[in-house]
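Per-entry structural report
Listed here are the chains, written in short residue letters.
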Amino acid sequence: MLKVCIVGKENGMRNYIHNLVDWRNYNCEIIFETSDGEVAYPKILRSKPDIIIAEYNMPYMSGISLSRLVKKELFDTEIILVTDAKKLEEAAACFKAGVTDYISNNISAKELSEILRNVSEKLPHKQKRIDIEQKYIDVVRQNTLMEKYKLFTDIVTTAVPVEDLLDRANAIEIDLSAVWYGLLLINIKDRHDKRAYAGELDELDQ
């Protein structure tokens, strides 16, 4: 099910949108409603809705401001703003903020149904792309962890040329010239030398 939230200062507006269509017909469910963008924003980040229907003019945080913030964090979320489409400056601001569409607060059931149908058809393709991207990120992360493990194992246990170690470290964005890496290597060498000296002293005592 696609998750939907409705944000608007007027109870009447929210109730009108809520009851205008049968959301299940579009594979949608309304997960929460609230009265202003400032309250809605943290809820949106937590719940990650697929569709946001928000009023253009709201106290504390407008629909436009909310849209800009959401698009920075949840780029693929579809946002529909409730506004006066006759005001061209509002329409321009909507699209500049990354809004999918805008509707009037007295939109008909037929008009909202058409918008929801279009949006609900687009979202599965977006989700598939997101899933593929996430799998790629997971594979890269796992391979990087393995390369880091191999690198530090070679630093500690084998005689690998320094040039090779530096090249491998640069490839996985590790700076071996950092101070704490130098201290780590010095510590290992010092401990090794102390064990060697201890062995030589034992031989002298015998």
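Just so it is clear, the model here is predicted, and its values are computed rather than measured.

Let's talk about the pattern of salt bridges
Inspection of every chain in the model, using the stated rule, returns four salt bridges. Residue Lys-9 is joined to Glu-55 by a salt bridge in which the shortest nitrogen-to-oxygen separation is 3.0 Å. Here Glu-55 lies in strand 3 (residues 51-55) and Lys-9 lies in the loop between strand 1 (2-7) and helix 1 (11-20), a separation of 46 residues in the sequence. Residue class for Lys-9 comes out partly exposed when judged on its relative accessible area of 36%. With a relative accessible area of 10%, Glu-55 lands in the buried category. A salt bridge links Glu-33 to Arg-14; the shortest N-O distance between them is 4.0 Å. Taken together, the positions of Glu-33 in strand 2 (residues 28-34) and Arg-14 in helix 1 put the pair 19 residues apart, joining distant regions of the chain.

Overview of the confidence of the model for the protein
Summing up the model confidence of the protein, the mean pLDDT is 76 and the portion of residues at 70 or higher is 67%. Mean pLDDT across the elements of the protein ranges from a minimum in helix 7 (residues 179-205), with 49, to a maximum in helix 2 (residues 37-47), with 94. Here residues 186-192 is a poorly scored stretch, pLDDT under 50, and it has one contact once near neighbours within four places are set aside; other chains count.

Quick notes on the sheet that holds strand 1
Strand pairing in a sheet takes place through backbone hydrogen bonds and is either antiparallel or parallel in direction. One open sheet holds the five strands; their spatial order is 2-1-3-4-5, and the pairing between them is parallel. Two strands lie at the open edges of the sheet, namely strand 2 and strand 5 (101-103), each paired on one side alone. Shown here is a sheet whose adjacent strand axes are inclined to one another by a mean of 20 degrees, direction ignored. Here four bridges tie strand 1 to strand 3, and the two strands are oriented parallel to one another. Looking at strand 3, one finds that Ile-6 is bridged to Ile-53. Set on the sheet, helix 1 makes contact with strand 1, strand 2, strand 3, strand 4 (78-82) and strand 5; between it and strand 1 the angle comes to about 155 degrees.

Overview of the side chain of Ser-113
Following the sequence through the fold, Ser-113 ends up in helix 5 (residues 109-157). Residue Ser-113 is classed as buried on the basis of its relative accessible area of 11%. Not counting residues within four places of it along the chain, the set of residues in contact with Ser-113 comprises Val-21 and Tyr-26.

Re the nonpolar core
Within soluble globular proteins, side chains that are nonpolar tend to cluster in buried spots. Of all hydrophobic cores here, the largest spans 21 residues; its most connected members are Val-7, Ile-44, Ile-52, Ile-64, Leu-66, Val-70 and Leu-81. Of all the secondary structure elements, the ones that give two or more residues to this core are strand 1, helix 2, strand 3, helix 3 (63-73), strand 4 and helix 4 (88-96). Apart from residues lying up to four places away in sequence, Ile-52 is in contact with Cys-5, Ile-44, Val-70, Thr-77, Glu-78, Ile-79 and Ile-80. Among the nonpolar cores identified, the runner-up in size contains 20 residues, and Ile-51, Leu-112, Ile-115 and Val-119 belong to it.

Quick word on unusual backbone geometry
Phi is positive for Asn-27, which is not a glycine, with a value near 55 degrees. Among the secondary structure elements, Asn-27 is positioned in the loop between helix 1 and strand 2. For Asn-27, a relative accessible area of 39% corresponds to the partly exposed category. Its identity as a non-glycine residue notwithstanding, Lys-48 has a phi of 50 degrees, on the positive side. Tracing the backbone through its elements, the reader meets Lys-48 in the loop between helix 2 and strand 3.

Structural notes on the packing of helix 2 against helix 3
As a packed pair, helix 2 and helix 3 sit with axes 10 Å apart at the nearest point and diverge in direction by 15 degrees. Taken together, the axes of helix 2 and helix 3 are roughly parallel relative to one another. By crossing handedness, the relation of helix 2 to helix 3 is classed as right-handed. Listed contacts from helix 3 to Gly-37, Ala-40, Tyr-41, Ile-44 and Leu-45 of helix 2 are Leu-66, Leu-69, Val-70 and Glu-73. A per-class count over the contact of helix 2 with helix 3 returns seven nonpolar, one polar and one charged.

Calculation rules
- Residues numbered from 1 in each chain as written.
- Predicted model: local features only at pLDDT ≥ 70, side-chain atom pairs only at ≥ 80, totals over all residues.
- Heavy atoms only, no water.
- Salt bridge = Lys/Arg side-chain N within 4 Å of Asp/Glu carboxyl O.
- Helix = DSSP H or I, 4+ residues; strand = E, 2+ residues; numbered from the N terminus.
- Buried < 20%, exposed > 50% of the residue type's maximum accessible area, 1.4 Å probe, protein only.
- pLDDT = per-residue confidence, 0-100.
- Contact = heavy atoms within 4.5 Å.
- Pairing = 2+ DSSP bridges.
- Axes fitted to C-alpha atoms, helices over the stretch in contact; angles between N-to-C directions.
- Core = buried A, V, L, I, M, F, W, Y, C linked by side-chain atoms within 4.5 Å.
- Parallel < 35°, antiparallel > 145°, perpendicular 65-115°, else oblique.
- Left-handed = near helix turned anticlockwise from the far one by under 90°.
- Nonpolar A, V, L, I, M, F, W, Y, C, P; charged D, E, K, R; others polar.

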